[in-house]
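Structural characterization, general
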Amino acid sequence: QVQLVESGGGLVQPGGSLRLSCVASGSTFSLYVMRWYRQAPGKERELVALISRGGDSTTYADSVKGRFTIDRDNAKNTVYLQMNSLKPEDTAVYYCNGLDWTGRDYWGQGTQVTVSS
């Protein structure tokens, strides 16, 4: 099974940018569909972005389209989330998720993103 570790969160001003990283270990990274989720206080966890195993297909939540970009480097076992034009409503804990070929989910521990002036 895969282990996932996120990094790159922090405090940023509105309009700023952050790049999240998620490093995978323990399994063949290229076999997993990778997703970024987020959960704000008092809200349900929501899917932010998804990338296919080969990186040729991506999907985004409407709320982040045009601002966030997901990509992956299978040689480095890493998936990224580039977040631009950040808004206060993007404040949340961001989680990396791996979906294997059996439909099983694997989760990282999360990284806090706070957008505030």
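Our structure's up above, just so we're on the same page.
My aim in this report is to walk through the structure given alongside it, one point at a time. Predicted model only: the values in this text are computed from it and were never measured.

When helices and strands are counted, the chain shows zero helices and eleven strands. Starting at the N terminus, the α and β elements of the chain follow one another as β-β-β-β-β-β-β-β-β-β-β. Scaling as 2.2 N^0.38, a compact globule of 117 residues should have a C-alpha radius of gyration of about 13 Å, and the chain matches this with 13 Å. Along the three orthogonal principal directions, the C-alpha set of the chain runs to about 40 × 25 × 20 Å.

This part is about the pairing of strand 4 (residues 33–39). Of all seven residues that make up strand 4, six are buried, and the element is covered over most of its length. As paired elements, strand 4 and strand 9 (residues 92–99) share seven bridges and run antiparallel to each other. Bridge pairing links Arg38 to Tyr94 in strand 9. Where strand 4 lies against strand 5 (residues 46–51), five bridges are found, and the strand directions are antiparallel. Its bridge partner being in strand 5, Trp36 is matched across the sheet by Ala49. Between strand 4 and the antiparallel strand that follows it, strand 5, lie six residues; Gly42 among them carries a positive phi value of about 80°.

In this section: unusual backbone geometry. One non-glycine residue, Asn77, lies in the positive phi region at around 55°. Following the sequence through the fold, Asn77 ends up in the loop between strand 7 (68–73) and strand 8 (78–83). When its relative accessible area of 27% is taken as the criterion, Asn77 is described as partly exposed. Located in the positive-phi region is Ser85, a residue other than glycine, with phi close to 50°. One can find Ser85 in the loop between strand 8 and strand 9.

For the structure on display, the rule yields four aromatic pairs. Ring plane angle 65° and centroid distance 5.8 Å describe the contact between Tyr32 and Trp101, whose orientation is recorded as edge-to-face. Within this pair, whereas Tyr32 is found in the loop between strand 3 (18–25) and strand 4, its partner Trp101 is found in the loop between strand 9 and strand 10 (105–107), the two being separated by 69 residues in sequence. In this structure Trp101 comes out as exposed when scored by relative accessible area, which is 54%. Each residue in the set Tyr32, Trp101 and Tyr106 is aromatic and connected to the rest through ring pairs, giving one cluster. Geometry around Trp107 places Arg45 over its ring, the cationic atom sitting 4.6 Å from the centre.

Basis of the calculations
What you see as residue numbers is a count from 1 along each chain, following the sequence as written. Residue-level local features of this predicted model are given only where pLDDT is at least 70; pairs of side-chain atoms are given and counted only at 80 or more, and the full residue set underlies all totals for whole chains, interfaces and linings. Heavy atoms throughout the structure, all of them, feed into the side-chain values; hydrogens and water do not. Helix and strand definitions follow DSSP, with helices as H or I runs of at least four residues and strands as E runs of at least two, each counted in order from the N terminus. The globule rule used here is 2.2 Å times the number of residues to the 0.38 power, and the radius of gyration it is set against is calculated over C-alpha atoms. In this scheme, a residue with accessible area under 20% of its type's maximum is buried, one over 50% is exposed, and one in between is partly exposed, where area comes from a 1.4 Å probe on protein chains only. When DSSP finds two or more bridges between two strands, those strands count as paired. Stacked, edge-to-face and tilted labels apply to pairs of Phe, Tyr and Trp rings (six-membered ring for Trp) whose centres lie within 6.5 Å, assigned for plane angles under 30 degrees, over 60, and everything in between, in that order. Both a distance and an angle decide whether a charge sits over a ring: NZ of Lys or CZ of Arg must be within 6 Å of the ring centre and within 35 degrees of the ring normal.

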